[in-house]
Amino acid sequence: LGTGVQPDYWPELPLLRAPTLLLTGEDDLKYTQLARRMAAEIPVVWRYSIPGCTHVPHLEAPEIWSREVIGFLSTPWYDVAEPGDAPAAAMGASSR
């Protein structure tokens, strides 16, 4: 599928239940704006725009990119439930 022929998944974003990481380069205006729009729709999101970076922040600022990925992966997004408890509730969303 190419640009312009992909299905529209925007209506599905509020249905996401998995924590979602959105990292962009702050100077990549197109994708930073898209990430902001997505973050407004996704229930549990960690969004960060890396200052001074463009389209490849993982190469331009690997230390910051790694810090954000590790922070995201280390976050206890849901309360730990005891066996037999109701499903755990989300701890909340973060958007920086």
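One can find the structure itself at the top, above this paragraph.
Residues numbered from 1 in each chain as written. Predicted model: local features only at pLDDT ≥ 70, side-chain atom pairs only at ≥ 80, totals over all residues. Heavy atoms only, no water.

Novice: Please clarify how the pairing of strand 2 (residues 45-50) should be interpreted in this entry.
Specialist: In the case of a regular strand, side chains alternate between the two sheet surfaces. Summarising burial for strand 2: six of the six residues are buried, a large majority. Residues Val45, Arg47 and Ser49 point to one face of strand 2 and Trp46, Tyr48 and Ile50 to the other, with burial holding for every one of them. Where strand 1 (residues 20-25) lies against strand 2, six bridges are found, and the strand directions are parallel. Considered in strand 2, the bridge of Thr24 is made with Ser49. After leaving strand 1, the chain enters helix 1 (residues 29-41) and then returns to the sheet as strand 2, a path that is right-handed. (Buried < 20%, exposed > 50% of the residue type's maximum accessible area, 1.4 Å probe, protein only. Helix = DSSP H or I, 4+ residues; strand = E, 2+ residues; numbered from the N terminus. Pairing = 2+ DSSP bridges. Right-handed = clockwise from strand over helix to strand, strands pointing away.)

Novice: Which parts of the structure should I look at to understand helix 3 (residues 62-74)?
Specialist: Since the α-helix turns once every 3.6 residues, residues separated by three or four places project in the same direction. Under the 1.5 Å per step criterion, the end-to-end length of helix 3 is 18 Å for 13 residues, consistent within 8% with the ideal 18 Å. Inspection of helix 3 places Glu68, Val69, Gly71 and Phe72 among the buried residues, and these make up the whole buried set. Seen end-on, helix 3 carries its buried residues on one side only, within an arc spanning 160°. Looking at helix 3, the residues exposed on the side facing more than 90 degrees away from the buried face are Glu63, Ile70, Leu73 and Ser74. (Expected span 1.5 Å × (residues − 1). Arc of directions from axis to C-beta.)

Novice: Before we go on, may I ask you to explain the environment of Glu12 in this structure?
Specialist: When you line up the elements, Glu12 lands in the segment before strand 1. Taking the C-alpha atoms as reference, Glu12 lies 8.9 Å from Ile42; in sequence the two are 30 residues apart.

Novice: Just checking my understanding: could you explain the layout of surface pockets for this structure?
Specialist: By rolling a water-sized probe across the atoms, one finds the places where empty space is left. Space inside the second largest pocket adds up to approximately 190 Å³. Taken together, 14 residues form the lining of the second largest pocket, with Leu23, Thr24, Gly25, Tyr31 and His55 sitting closest to its centre. Secondary-structure elements contributing two or more residues to the lining of the second largest pocket are strand 1, helix 1 and helix 2 (57-60). Residue composition of the lining of the second largest pocket, grouped by class: eight nonpolar, five polar and one charged. (1 Å grid on protein atoms, 1.4 Å probe; cavity = no way out; pocket = protein on both sides within 12 Å on 5 of 7 lines; lining within 4 Å. Points joined across faces, edges and corners; volume = space filled by probe spheres on them. Nonpolar A, V, L, I, M, F, W, Y, C, P; charged D, E, K, R; others polar.)

Novice: Where do I start with the pattern of salt bridges in this structure?
Specialist: Between side chains of opposite charge, a pair can form when the charged atoms approach closely. Scanning all chains against the criterion turns up one salt bridge. Between Glu68 and Arg67 there is a salt bridge whose closest N-O contact spans 2.9 Å. (Salt bridge = Lys/Arg side-chain N within 4 Å of Asp/Glu carboxyl O.)

Novice: I keep staring at the packing of aromatic side chains and nothing clicks. Help me out?
Specialist: Summed over the entire model, instances satisfying the criterion amount to three aromatic pairs. Between Trp46 and Phe72, the ring centres sit 6.3 Å apart and the planes meet at 85°, which makes this aromatic pair edge-to-face. With Trp46 in strand 2 and Phe72 in helix 3, the pair connects residues that are 26 residues apart, well separated along the chain. For Trp46, a relative accessible area of 13% puts it in the buried group. Aromatic pair Phe72 and Trp77: ring centres 5.5 Å apart, planes at 55°, arrangement tilted. Residue Phe72 shares its accessibility class with Trp77, and that shared class is buried. Three or more aromatic residues link up through ring pairs in this structure, and these residues are Trp46, Phe72 and Trp77. Over the ring of Trp10 we find Arg37; its NZ or CZ atom is 4.1 Å from the centre of that ring. (Phe/Tyr/Trp six-rings, centres within 6.5 Å; stacked < 30°, edge-to-face > 60°. Lys NZ or Arg CZ within 6 Å of the ring centre and 35° of its normal.)

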